[in-house]
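Structure at a glance
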Amino acid sequence: RSSDLCSANSTSPDADKRAAGCDRDEGPADVRYNNAARGYMEWMPLRRGPGTMGVITYTSLTQVIEWGDLATFVTFDTRVTARSAEPTLASVFAEFGAAYVWNNVTAYFDETSVEKQTFDGVAASVKAKINDPQFSMIGEEQTDFLQDVFKKSKKSGKPWQIFAAATMMGPNVPPNMYTMSANAPTESQADVQTYMEGLLASSSAGLFRAAAAMANTQTTWNRDDWNGFGHERAQILDVCKNDANNAIILGGDLHDSWAWTLYEGGNMTGTPVAVNLGAPGVTSPGWGPYLYPAISPIEGLLGGPDGVYDFISDGFEDVNPGLVYGSTKDKGFFAVKATKETHTTEYFHVDAVNTVSDYATARSSSEGITSDFYCGASLITYAGEQGSLEKQADCGVITFSAERPAEWSISVPASFMSGEGKKGKGKPLVNCGGNACIVKKDGKQGKSKTDKKKTKKGKKKKGKKGKK
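Residues numbered from 1 in each chain as written. Predicted model: local features only at pLDDT ≥ 70, side-chain atom pairs only at ≥ 80, totals over all residues. Heavy atoms only, no water.

1. Focus on the overall build of the chain
To be explicit about the condition: Going along the chain from the N terminus, every DSSP run of H or I of four or more residues is numbered as a helix, and every run of E of two or more is numbered as a strand. In this description, contact between two residues means that some pair of their heavy atoms is separated by no more than 4.5 Å. Accessible areas in this description were obtained via Shrake-Rupley with a 1.4 Å probe; residue shielding takes into account the shown protein chains only.
Within the chain, the regular secondary structure consists of 15 helices and 14 strands. Once local pairs closer than 6 in sequence are excluded, the contacts in the chain between residues at least 24 apart make up 64%. Only carbon and sulfur atoms are counted for the fraction: they give 53% of the accessible area of the chain, which is about 25700 Å².

Written out as structure tokens, the structure is:
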């Protein structure tokens, strides 16, 4: 009820607490966690799973889905059950804070300079932290579980082992704006370099200078995903190499579109062992809103607005050897078509104008069942080539229906729901919740198979008197 809501809590500033006049304790954390889990499971089209997640006793997110003889999907909680604190959370760029003061970026690349030697030392310290075995995202038990599932799937001959990992695993280094001019049109490179040097020297470009220092030392920027848990990432990639035929790792949470080839040990280069596909957000801002305004004054030198975004994407690919596709322009989704031989991923984006419009307007403008969208990239992975990820010249492998059918096909025959026909046998399904349905028997609510087994097990057999 709205009357029960309070606009302030124990973490709010004192002024907000006084203005709200209703500051109160939020209650035990474990109760709030479980209430949140229940709300999530009731709202989302997910089945409540058996088991627990640490202090969350309401449900488990662990799922293993076998997709015929083609693929095995596995997912589990990465936030509560076994997660430790992140190695560094003060600020993703805090360790390179000297860059906010040192505005001579040229010195960052001089091996004899104080700046270069300082940042080298900072990078070494950061990498030691993020590779420390004490930091864990999923823990030993869930890592072993993943390995067992993958081993079984590999042994059965399925070509694809897919881990839905929630966050990204690719080592993501920020772009180096000092060297990006090499990606500009040849005739514009000198002017672009002049502009970028002037930008980096400005007092407001501290974050961009820190990014340049991180790029020059190959230091990843996000510690909230697998880049903050390097030891465990290396273990999982070892599982992908040895216990999977072809591992695909799904992720997101970086707000933009990303697709990586992952190398053994989580290294920047080396032996390919898996593919990491990152879904963009729906509306969450990514790198675009930070980088585009800074570079847009020279969009004429880069071929217009789209050229600026291509320039940004190229900048990320320059410092991330395993990054095959990155887009910071528009939000959207990716879709996959898998066969025994290939796993094709196509990234689809929605223009920003449609993203912020209402649903009815977006649909009417497209004259379809969804908003207009366009394909940004088509990427293919070949079975038998671990970590292969090739960008195709054109999209088109994946197509979508342009009409909404009057009736969707469902896995449960309609005869079961009505109780009619040979399959229904007069016993319709009732109480179809998120987990199961119950067979209605003789007008009464039937018991599930599990309940029936328990009932039978509990009954004592009546012995017959034997004849002597």
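This is not the end of the story, as more comes after the structure.
2. Comments concerning the nonpolar core
In plain terms, the rule: To define a nonpolar core, start from buried Ala, Val, Leu, Ile, Met, Phe, Trp, Tyr and Cys residues and group those joined through side-chain atoms within 4.5 Å. Partly exposed residues are those whose accessible area sits between 20% and 50% of the maximum for their type, while under 20% is buried and over 50% is exposed, using a 1.4 Å probe and protein chains only.
Core analysis: the largest hydrophobic core is formed by 66 residues, its most contacted members being F150, F163, M177, W226, I249 and I295. At six residues, the largest contribution of residues to this core is made by helix α6 (residues 206-216). Each residue touching W226, except ones within four places of it in the same chain, is listed here: M137, I138, F163, A165, T167, M168, M169, E232, R233 and I236. Residues L70, L277, V324 and L379 belong to the second largest nonpolar core, which totals 15 residues.

3. Focus on the pairing of strand β4 (residues 247-252)
Note the cut-off: When DSSP finds at least two bridges between two strands, those strands are taken to pair.
Counting buried positions along β4 gives five out of six residues, so the element sits mostly inside the fold. Note: strand β3 (residues 160-167) against β4, five bridges, orientation parallel. Across the sheet, residue F163 finds its bridge partner in β4, namely I249. Two strands pair when backbone bridges link them, and β4 and strand β6 (residues 272-278) are joined in this way by five bridges, in the parallel orientation. What sits directly across from I249, in β6, is N276.

4. As for the sheet that holds β3
Defined as follows: Fitting a line to C-alpha atoms yields each axis, with helices limited to the stretch in contact; the angle taken between N-to-C directions then spans 0 to 180 degrees.
Spatial ordering of the open sheet is given by β1-β2-β3-β4-β6-β5-β7, a layout of seven strands whose pairing is mixed. The open sheet has two edge strands, β1 (63-67) and β7 (323-327), and neither has a second partner. Neighbouring strand axes in the sheet, compared pairwise and without regard to direction, differ in orientation by 20° on average. As defined by bridge partners, strand β5 (residues 257-263) adjoins β6 across six bridges and the pair is classed as antiparallel. Bridging across to β6, T261 finds its partner in V275. Taken strand by strand, helix α7 (residues 230-243) contacts β3, β4, β5 and β6, and its axis lies near 115° from that of β6.

5. Re the packing of aromatic side chains
To be explicit about the condition: For this analysis, a ring pair means two rings from Phe, Tyr or Trp (six-membered ring only for Trp) whose centres lie within 6.5 Å, classed as stacked if their planes differ by under 30 degrees, edge-to-face if by over 60, and tilted for the remaining angles. Here, a charge over a ring is recorded when the distance from Lys NZ or Arg CZ to the ring centre is within 6 Å and its angle to the ring normal is within 35 degrees.
This model, assessed by the stated rule, comprises 20 aromatic pairs. Ring centres 5.1 Å apart and planes at 20° place the aromatic pair F109 and Y178 in the stacked group. Residue F109 is found in the loop between β2 (71-75) and α3 (114-130), and its partner Y178 is found in the loop between β3 and α5 (189-201); the two are separated by 69 residues along the sequence. Here the aromatic cluster, defined as three or more aromatic residues joined through ring pairs, consists of W221, W258, W260, W287 and F316. A cation over a ring is seen here: R48 above Y58, with NZ or CZ 3.9 Å from the ring centre.

6. Thoughts on a nonpolar patch on the surface
The line we're drawing: For patch building, the residue pool is restricted to those with more than 30% relative accessible area and no salt bridge; the joining distance is 9 Å between like charges and 5 Å between nonpolar side chains (Val, Leu, Ile, Met, Phe, Trp, Tyr). The term salt bridge refers to a pairing of a side-chain nitrogen on Lys or Arg with a carboxyl oxygen on Asp or Glu at a separation within 4 Å.
On the surface, Y40, W43, M44, L46 and L61 cluster together into a nonpolar patch covering about 520 Å² of accessible area. Relative to the helices and strands, Y40 is located in helix α2 (residues 29-43).

7. A short note on the sheet that holds strand β8 (residues 331-338)
Spatially, β8-β9-β10-β11 is the arrangement adopted by the four strands of the open sheet, whose pairing is antiparallel. A single partner strand is all that each edge strand has here, and the edge strands are β8 and β11 (390-391). As defined by bridge partners, strand β9 (residues 342-350) adjoins strand β10 (residues 374-382) across eight bridges and the pair is classed as antiparallel. Bridge pairing in β10 places T342 opposite Y382.

8. Focus on α5
Because the α-helix completes a turn every 3.6 residues, residues three or four places apart line up on one side. To keep it simple, the criterion reads: For a helix, the expected span equals 1.5 Å multiplied by the number of residues minus one. Comment: arc refers to directions from the helix axis out to C-beta atoms.
Helix length check: α5, at 13 residues, gives a terminal C-alpha distance of 18 Å against a target of 18 Å (1.5 Å per residue), a fit within 8%. Taken as a whole, α5 has its buried residues at V192, Q193, M196, L199 and L200. Take α5 and look down its axis: the buried residues cluster within an arc of 125°, on one side only. Seen from the open side of α5, the exposed residues pointing more than 90 degrees away from its buried face are A190 and T194. Looking at the buried residues of α5, the elements they touch are α6, α8 (288-295), α9 (299-302) and α10 (305-319).

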